[in-house]
Amino acid sequence: MRILVTEDDKALSMVMCELLNQEGYITDTAFDGEEGYDCAVSGIYDIIILDIMLPVTDGLSVLRKLRKEGVKTPVLLLSAKSQIEDKVKGLDSGADDYLTKPFNTVELLARIRALSRRREKEYTELAFEFMDIMFDKERHEIKKDNRTIKLTKKEFSILDVLTENVGKVVTKETIILKIWGYDTEIEYNSSEVYVSFLRKKLKAIGSRIKISNVRGVGYILEEQE
């Protein structure tokens, strides 16, 4: 699970990232609202930790803009303000939870786990039927009629990104960021290799789903007639 920590206090950001990394989460950081928005809108994160008092663009403005853009990633707001009206304002702006600073690290982790469980519940409920296949997100399998084939983690993740954007072009950059992250040194042709494997598996079960190349840009998922 990948978490974006948007916090301008670099010492606090480092502490949170270290804590989350110890718990098995993957973290990225942003130190102002503009950078946080640019990262968050990529759609590669499972949870966003967002401080309200940020330079350049404040956290509430970032949050409202994300929700307006249709980004549904769970957001945990951080703020030094503890008044009820401040919490209500944050939640009404689209936050999923609100944590007052200074906070206990045990509580931070508990709130992240709660958001994670909510995310996983939504994730599995989206599941199963897609076009002419059954897409089993729990077993990482695709099925059609009486044929079933297992997907590798990378193949599964690529198909998941494509199904969430059916009919739209998904750039190679988006796939790389979503699956390998910002710090990866992987080449774009590596994603092409996994897409090729995925095409063969879809063909093997007799699916009409087609992953088309958009030259120089990325891929689009379509159903053949």
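Residues numbered from 1 in each chain as written. Predicted model: local features only at pLDDT ≥ 70, side-chain atom pairs only at ≥ 80, totals over all residues. Heavy atoms only, no water.

### Description of the overall build of the protein chain
The helix and strand tally for the protein chain stands at eight helices and 12 strands. For a compact globule of 225 residues, the expected C-alpha radius of gyration is about 17 Å, and the protein chain comes in at 19 Å, within 12% of that figure. In terms of overall dimensions, the protein chain has C-alpha extents of about 60 × 35 × 35 Å along its principal axes. Scored against the burial criterion, the 225 residues of the protein chain give a buried share of 44%. (Helix = DSSP H or I, 4+ residues; strand = E, 2+ residues; numbered from the N terminus. Rg over C-alpha atoms; globule rule 2.2 N^0.38 Å. Buried < 20%, exposed > 50% of the residue type's maximum accessible area, 1.4 Å probe, protein only.)

### Focus: the environment of Asp51
Of note, Asp51 is situated in strand E3 (residues 47–51). In this structure Asp51 comes out as buried when scored by relative accessible area, which is 2%. The contacts of Asp51, once residues within four sequence positions are left out, are Thr6, Glu7, Asp8, Gly59, Leu78, Ser79 and Lys101. Engagement of the side chain of Asp51 in a polar contact is seen with the side chain of Lys101, the distance being 3.2 Å. (Contact = heavy atoms within 4.5 Å. Polar contact = N/O pair within 3.5 Å; in protein donor to acceptor, adjacent residues only side chain to side chain.)

### Quick look at the pairing of strand E11 (residues 209–214)
Pairing geometry for E11 and strand E12 (residues 218–223), over six bridges, is antiparallel. Note on E12: the bridge partner recorded for Lys210 is Glu222. The hairpin turn running from E11 into E12, its antiparallel successor, is three residues long, and Gly216 in that turn takes a positive phi close to 75 degrees. (Pairing = 2+ DSSP bridges.)

### Details of the sheet that holds E11
Within the open sheet, the three strands sit side by side as E10-E12-E11. Their pairing is antiparallel. Of all strands in the sheet, those with a lone pairing partner are strand E10 (169–171) and E11, marking the two edges. The mean angle between the axes of side-by-side strands here comes to 30 degrees, regardless of whether they run parallel or antiparallel. Note: E10 against E12, three bridges, orientation antiparallel. By the bridge assignment for E12, Thr171 is matched with Gly218. (Axes fitted to C-alpha atoms, helices over the stretch in contact; angles between N-to-C directions.)

### Considerations on helix H1 (residues 10–22)
Its 13 residues give H1 an end-to-end C-alpha distance of 18 Å, which sits within 8% of 18 Å, the value for a rise of 1.5 Å per residue. Within H1 the residues assigned to the buried category are Ser13, Met16, Cys17, Leu19 and Leu20. Take H1 and look down its axis: the buried residues cluster within an arc of 165 degrees, on one side only. Turned more than 90 degrees away from the buried face of H1, the exposed residues are Lys10, Ala11, Met14 and Gln22. At the N-terminal boundary of H1, the capping side chain belongs to Asp9, with an oxygen 3.1 Å from the backbone nitrogen of Ala11. In the stretch just after H1, Gly24 is the one whose phi turns positive, near 95 degrees. (Expected span 1.5 Å × (residues − 1). Arc of directions from axis to C-beta.)

### Quick notes on the state of the cysteines
Following the criterion strictly, the structure yields zero disulfides and no others. Take Cys39: it sits in no disulfide, and the sulfur closest to it among the cysteines is that of Cys17, at 12 Å. (Disulfide = S-S within 2.5 Å.)

### Some words on the confidence of the model for the protein chain
In this model, the protein chain carries an average pLDDT of 87, and 92% of its residues clear a pLDDT of 70 or more. No element of the protein chain has a lower mean pLDDT than strand E6 (residues 129–130), which averages 76, and none a higher one than E3, which averages 96. (pLDDT = per-residue confidence, 0-100.)

### Examining the packing of helix H6 (residues 153–164) against helix H7 (residues 172–180)
Relative orientation of the contacting elements H6 and H7 amounts to 130 degrees, with a least axis distance of 10 Å. On the basis of their axis angle, the class for H6 and H7 is oblique. Along this stretch, H6 crosses H7, giving a crossing that reads as right-handed. Where H6 approaches H7, its residues Lys154, Ser157, Ile158 and Val161 are matched on the opposing element by Ile175, Lys178, Ile179 and Trp180. (Parallel < 35°, antiparallel > 145°, perpendicular 65-115°, else oblique. Left-handed = near helix turned anticlockwise from the far one by under 90°.)

### Digging into the pairing of strand E7 (residues 133–136)
Across two bridges, the pairing between E6 and E7 is antiparallel. Looking at E7, one finds that Phe130 is bridged to Ile133. What sits between E6 and E7 in their antiparallel hairpin is a turn of two residues, with Met131 showing a positive phi close to 50 degrees. Sheet analysis places E7 next to strand E8 (residues 141–144), joined by three bridges and oriented antiparallel.

### Digging into the sheet that holds strand E9 (residues 147–150)
Strand order in the open sheet formed by four strands is E6-E7-E8-E9, and the pairing between neighbours is antiparallel. A strand with exactly one partner marks an edge of an open sheet, and here the two such strands are E6 and E9. Against the sheet, H6 engages E6, E7, E8 and E9, with an angle of about 120 degrees to E7.

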